[in-house]
Amino acid sequence: MRRLLFLLIALLVLLAGFGVAGHVLVDRSALREDVILAAKQQTGDDLRIGSLSVAFFPWPGFVARDVSLSGPQGEAAPALLTARDVRGSVALLPLLHREVRVEHLVVAHGAVTPYRSADGAANWRIAPQAAASVQDTNAGAGERSPLTPMTGRWRVSVASAVLADMKLSFHDESRAQGGEAQLDRLALDGLDGHTPSFDLTARHGKTPFTLSGHVGPLAAVFGEGSAARIPWAVSLAGTLGTDAVHSDRFTFDGQMLDVAGLSGISGTLRGSVAHLRDLEGVFPHAGLPEVDGVSGEISLFNVTPTAEGWRTREPGGGVNHLHLTMGSAVLPDGVVLHDVALGAETLSAPLELSGRLDAAGRSIGVQLHLGTLEQAQDTWRSDFGTALPVAVEAHGLPGSAGAGDTLNATGSVGADAVAFDGQARLGVLTVAGMDLRHVVVQAAYAGPVDQGVRPALGSGTGHGTASVGEVRFGGQVYHDLKVQAVLAKGRLELDPLSAQGAAGALAGAVTFVAADPGVALTARLAPVTLPAEVLQHWAGLPPLLQGPVELVGEVHGEGIDRAALLGSLTGHLGLSMVDGKVNGARLGAFVGQEAGLALGSGEIGMRCLGVHMRLAGGQAVLDTIGLEAGMLGATGHGTVELAGQTLALHLLPHVGIGGTGASTPIAVTGTLDSPHVAQEAGVDGRYQITIGGPMPDPCASLTAAREGMAGPAAPAPHRSKAVNLLRSLGILH
């Protein structure tokens, strides 16, 4: 037993002696240069080592500091790898076969920077060089390396490695792609085998993520020729976020036909994301919408990412299976999508999209049929240069404002055109302050899309009808509204426009004709009633009136936009309103501060408004103006410049009580949005103020404003109890 113990002690002392002797006797400078030379021979890359030390006990190993590995581009590209510390051990048995097999390689405190230049040269490509052509990169400028080529052929390999505290920066100038992340730990195993594996823990900013899996042989990535273009297996699994259960996750199983070129990707991608915007923690410039509860799977074949995104321009690649679900998505204008599903089992299977849409108190179930999956991809790849058949079905869900509503349409999109034929039935609809009931719309159209109104008029054809059982707005009720539309040969006719109101029938016609440039408009109104809010918005007028405005006359205009159209109007037009509302502060600005005091600043009732004008030469010549609101009445005439809304009005406002009061002529200049009021002198140059006497009824202007047509009568003038008392005392007459 003592002999055995003595033998073990002697062996340990001997091994320790060999280790110390090896550490002392090995020329570390020459060894460092041999390693640099071997790296150049095997990879063509320039390896730089600040310092190198070796150990032989208890097993061979090394420690290197300030290490960098640069590709063949030299200083034109960043170093592929830099590290402050590199350490590892060398397996003993492979040395017998002239192989330096590095195990447990640890690379720490540095950066990994894969880079591809605009001409496609990548700093990770391996280009072995002949020994005779290799120079020492650590030698001085212009000096040949004193090293002699290594006798025989030694193979250097790495079996496993760990990268710790490394910054990853990927830049691909040829595809305008790139990104950065901080690698906390990357464990690599089986690097010299056929299925290397990895396990990554990293973060982008404050967002942690993991990635693990296995891939094909690394020779396909770092090599040239056929080795870089064999099918390369890929199996990945990743998570995102700090949640312990990792609710955001994905997996991918497939292969790349050309891993060196990052092209020919085939496989199945599966995943789930609780909140789509979580991905902005890794892709901060993605600008993702507010979408929650995304999950599903996509099967890809022969897909190549490009600088324009994952859109395969060439045929022969794409998606051959798709199944996606989405919990909710918030769209503009308060529209919310729920329970969305998009899927197609195969290329020849129909691509279907279904979900629920909530908007304006309505809950609508929607189902779209978008041709087959192959047709949809052909349309996508061609930037909608080929047509895709589309069918839409929608129905209002029980318990919502749109219960019982239906929409059915078929058609196509693409080839710079759209075509559809369908019908919609709506129980109740609110548009521009109007309540529409029992709406039925039947329409068909074929023509260009997203090119403006004029091309659609010039090239499109279509027809349609709309009927509304009842229209309510401004306290008025209209029945049996009907509109018929025909589009052909650059001409859209809305004729007739008809409805029945309490004061009689409404009728009109509107025609749009494609002109060069812009559109020509002709409107015949006999009469037509619109909400004042709609009319003021369309004409670009300040919000002055509320209630139904009756329009009578015929106008014509032409232009490329609203301003040009308004500035070119010709014809005659009358506007009238009874029992409406007017903004007291805005109306007061047109009659002066003193008269405006009788109006207040809020909304006040307006007994009547009647205006008649002739349109020509960019001006509206107002031959009749009459209005009564509260204690104010006014009559007059004047002009309005249509393009700039410049005023030249001559008004006689009358502020009174019980049919009597005070009045004085005024001139109104400025603009509709900012009027200027001044007292106006008579023909003799004197200013006139009239106190007392009867006040003419401004509502007499309704006859001229309606061009002799029938309309609702103005309510009787309001007289308070105080007025009646003054009349009984003989103070007012």
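Heads up: the structure comes first, above all this text.
All figures in this text were calculated on a predicted structure; none of them were measured in a lab. (Residues numbered from 1 in each chain as written. Predicted model: local features only at pLDDT ≥ 70, side-chain atom pairs only at ≥ 80, totals over all residues. Heavy atoms only, no water.)

(A) Focus on the overall build of the protein. Counting its secondary structure elements, the protein contains 11 helices and 38 strands. Considering the protein as a whole, with its 733 residues, one finds that 38% of them fall into the buried category. Looking at the protein alone, contacts between residues at least 24 apart form 48% of all its contacts between residues at least 6 apart. Counting every atom, the protein has about 38,500 Å² of accessible surface; 62% of that belongs to carbon and sulfur. (Helix = DSSP H or I, 4+ residues; strand = E, 2+ residues; numbered from the N terminus. Buried < 20%, exposed > 50% of the residue type's maximum accessible area, 1.4 Å probe, protein only. Contact = heavy atoms within 4.5 Å. Areas by Shrake-Rupley, 256 points an atom, 1.4 Å probe, with all protein chains shown as cover.)

(B) Seen up close, empty space enclosed by the protein. This model, assessed by the stated rule, comprises one cavity of 30 Å³ or more. Each pocket or cavity is described by its volume, and for the largest cavity that value is around 60 Å³. Lining the largest cavity, in full, are Gly 633, Ala 634, Thr 635, Leu 652, His 654, Met 695, Pro 696 and Pro 698. Of all elements in the fold, only β33 (632–641) and β34 (646–657) reach the threshold of two or more residues within the lining of the largest cavity. Broken down by element, the lining of the largest cavity gets its largest block of residues, three residues, from β33. Looking at the lining of the largest cavity residue by residue, the classes come out as five nonpolar, three polar and no charged. (1 Å grid on protein atoms, 1.4 Å probe; cavity = no way out; pocket = protein on both sides within 12 Å on 5 of 7 lines; lining within 4 Å. Points joined across faces, edges and corners; volume = space filled by probe spheres on them. Nonpolar A, V, L, I, M, F, W, Y, C, P; charged D, E, K, R; others polar.)

(C) Quick peek at helix α6 (residues 532–539). By the burial criterion, the buried members of α6 are Ala 532, Leu 535, Gln 536 and Ala 539. Considered in projection along α6, the buried side chains sweep an arc of 95° and stay on one side of the axis. Among the structural elements, β27 (519–531), β28 (545–546), β29 (548–559), α7 (562–567) and β30 (570–583) are those in contact with the buried residues of α6. A positive backbone phi angle near 70° is found at Gly 540, which sits one or two residues after α6. (Arc of directions from axis to C-beta.)

(D) Quick look at the nonpolar core. Among the nonpolar cores identified, the biggest contains 43 residues, and Leu 573, Met 613, Leu 615, Leu 622 and Leu 649 are the most heavily contacted of them. If one sorts the elements of this core by residue count, strand β31 (residues 603–616) sits on top with six residues. Excluding residues that lie within four positions of it along the chain, Leu 615 makes contacts with Val 555, Leu 569, Thr 570, Gly 571, Leu 573, Ala 620 and Leu 642. Counting 40 residues, the second largest nonpolar core, distinct from the first, contains Ala 202, Ala 220, Val 221 and Ile 265. (Core = buried A, V, L, I, M, F, W, Y, C linked by side-chain atoms within 4.5 Å.)

(E) Fine view of the pattern of salt bridges. As enumerated under the stated definition, the model contains 19 salt bridges in all. One salt bridge in this structure joins Asp 184 and Arg 203, with 3.0 Å as the shortest N-O distance. With Asp 184 in strand β8 (residues 177–189) and Arg 203 in strand β9 (residues 197–204), this pair connects stretches of sequence that are 19 residues apart. For Arg 362, the salt bridge identified is with Asp 405, shortest N-O distance 3.0 Å. Separated by 43 residues along the polypeptide, Arg 362 in strand β18 (residues 362–372) and Asp 405 in the loop between β19 (388–396) and β20 (406–414) bring together distant segments of the chain. Both residues of the pair, Arg 362 and Asp 405, count as buried. Residues joined in a network through salt bridges with shared partners are Arg 65, Arg 84 and Asp 85. (Salt bridge = Lys/Arg side-chain N within 4 Å of Asp/Glu carboxyl O.)

(F) Structural detail: the environment of Gly 475. Looking at the element boundaries, Gly 475 is found in the loop between β23 (461–473) and β24 (476–488). Looking at Gly 475, the relative accessible area reads 77%, which means it is exposed. Linking Gly 475 and Gly 580, residues 105 residues apart in sequence, is a C-alpha distance of 9.0 Å.

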